[in-house]
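Structure at a glance
The primary structure of each chain is shown beneath.
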Amino acid sequence: MDVHHEDKDMRARFDAYVADEGKVEPKDWMPDGYRKTLVRQISQHAHSEIIGMQPEGNWISRAPSLRRKMILIAKVQDEAGHGLYLYSAAETLGVTRDEMDEALLSGKAKYSSIFNYPTLNWADAVIIGWLVDGAAITNQIPLCRCSFGPYGRAMVRVCKEEAFHQRQGYEGMMVLAKGTPEQKAMAQDALNRWWWPAIKMFGPPDSDSPHSDQNTLWKIKRFSNDELRQKYLDMVVKQANALGLTIPDPDLKFDEDTGHWVSGPMDWDEFWAVVKGNGPCNRQRMKHRQKAHDDGLWVREAAVAFAEKQAKRNNQQKAA
Amino acid sequence: MTDLKKEWPLFEVFIRSKHGVSHVHAGSVHAADSTMAMENARDVYTRRSEGSSIWVIPSSEITASAPSAKAALFEPSDDKVYRHPTFYEVPDDLEVL
Ligand SMILES: [Fe+2]
Ligand SMILES: [Fe+2]
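Residues numbered from 1 in each chain as written. Chains lettered and ligands numbered in written order. Predicted model: local features only at pLDDT ≥ 70, side-chain atom pairs only at ≥ 80, totals over all residues. Heavy atoms only, no water.

Now for helix α12 (residues 282-295) of chain A. All names here are of chain A. In a regular helix each residue adds 1.5 Å, so 14 residues correspond to 20 Å; α12 covers 20 Å between its end C-alpha atoms and thus fits that length. When α12 is considered as a whole, its buried residues turn out to be N282, R285, M286, R289 and H293. Taken down its axis, α12 places every buried residue within 95° of arc, on the same side. Relative to its buried face, α12 has exposed residues pointing more than 90 degrees away, namely R283, K287 and K291. On the buried face of α12, the contacting elements are α2 (32-51), α3 (53-57), α5 (97-105), α11 (268-278) and α13 (297-319). (Helix = DSSP H or I, 4+ residues; strand = E, 2+ residues; numbered from the N terminus. Expected span 1.5 Å × (residues − 1). Buried < 20%, exposed > 50% of the residue type's maximum accessible area, 1.4 Å probe, protein only. Arc of directions from axis to C-beta. Contact = heavy atoms within 4.5 Å.)

Written out as structure tokens, the structure is:
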């Protein structure tokens, strides 16, 4: 039989099945492109959760109250959990954890650029929950229906937890925005610095994003970058207004005809500079991740040595 | 840099959310042994009282049916409609069946 011809048939059957909302499970036949796309997307999503622990982790030891410290620890621990759910989903596609770790540490794999901005003060630590987790929710809700079963299931779990992240962040911003003039100024300053990076989290405009079409046909992506950005914009403008803060976009306007907010021009040169490694914290984030990996080596080795010793002892006892 | 033999083995995690229901597959964790797999599963999958019992099992110990065997395994039951109550015709107005 002509193998190439068979692949074409299988590909056609697969595409039709997925187009009809069929779900794909790890051991099913899938096109190489589908597998590669998912390994890339899921592992980069996992890396974002892991690197994303750093900006907020930076404030755990300096949280303004015990209540805030407990909340922040729980939130950062959740992000570690999200990374692990996602690595677990990616591993069902045949990639190993070591391979993914290596891709991150060598710089081959990317993570969300939003985590390459610094958390200079406490307002930055809470604005992340509001703006960054808010954007993550907008992006992740449609991913719950992704055609690849393990990714969708991981997203359902993640989305449940994100609701807490967003609310604790918004509450933290509210305390500042309704506080003393100094606190309010801190909240405004954080918004001034995080607004544009948050809006750009949805990626380049549809007119120049390379992967969208195929991923839409495969039911991996349900909405385009611009559609997601619009949903987000309509939500956060209202939230910012409720806080009494000023959005740092002089061209932002409400379009009466469409009922949507329209943002001013976005600086994509800045976005690509950060993606390419030249944001304020890229090097620091990678250095920290590498150090954590290296410092953990003896722990990983000790755990294996201990497990081997226990197994040996158990075998001897059984034999005796 | 990568030594694949150094990667901790993979364990599948199954969680019973509350007594009265079965364990359900939740995901997987890496761990050096089953004791650590249990601890990791607790931390990763039950941070909000999602569980009342956990099973962990080395992924390599699971025997799974192959997707290609789907037809051979499951299609034979498709033509045995007489295994379902709807196959049988009884009077509609019979109130006690
Ligand atoms: Fe997350
Ligand atoms: Fe989050």
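Residues and elements named next belong to chain A. Only E49 (OE), E79 (OE), H82 (ND1) and E162 (OE) from the protein coordinate the iron ion (ligand 1), and they sit 2.1 to 2.5 Å from it. Viewed at the metal, the four donor atoms of the iron ion (ligand 1) are separated by angles of 82 to 149°, and the geometry they form is irregular. Mapping the donors of the iron ion (ligand 1) onto the primary sequence gives the spacing E-x29-E-x2-H-x79-E. The distance between the iron ion (ligand 1) and the iron ion (ligand 2) comes to 3.2 Å, and E79 binds to both of them. Within this pair, whereas E49 is found in helix α2, its partner E162 is found in helix α7 (residues 149-177), the two being separated by 113 residues in sequence. Note on accessibility: E49 and E162 belong to one class, buried. (Donors = N, O, S within 2.8 Å, 3.2 Å for Na, K, Ca; no water. Tetrahedral: all angles 85-135°; square planar, octahedral: opposite > 155°, others 65-115°.)

Turning next to a nonpolar patch on the surface. Judged by side-chain polarity, V81(B), Y82(B), F87(B) and Y88(B) come together as a nonpolar surface patch covering roughly 410 Å² of accessible area. Structurally, the position occupied by Y88(B) is in the segment after α2 (70-74). (Patch = residues over 30% accessible without salt bridge, like charges linked within 9 Å, V, L, I, M, F, W, Y side chains within 5 Å. Areas by Shrake-Rupley, 256 points an atom, 1.4 Å probe, with all protein chains shown as cover. Salt bridge = Lys/Arg side-chain N within 4 Å of Asp/Glu carboxyl O.)

So, on to the side chain of H45(A). Residues and elements named next belong to chain A. With respect to the helices and strands, H45 occurs in helix α2. On the basis of relative accessible area, H45 is assigned to the buried category, the value being 13%. At 2.9 Å, the side chain of H45 forms a polar contact with the side chain of Y151. Leaving out residues up to four positions away in the same chain, H45 has contacts with L86, Q140, L143, Y151 and M155. (Polar contact = N/O pair within 3.5 Å; in protein donor to acceptor, adjacent residues only side chain to side chain.)

By themselves, these figures tell us nothing about what the structure is for.
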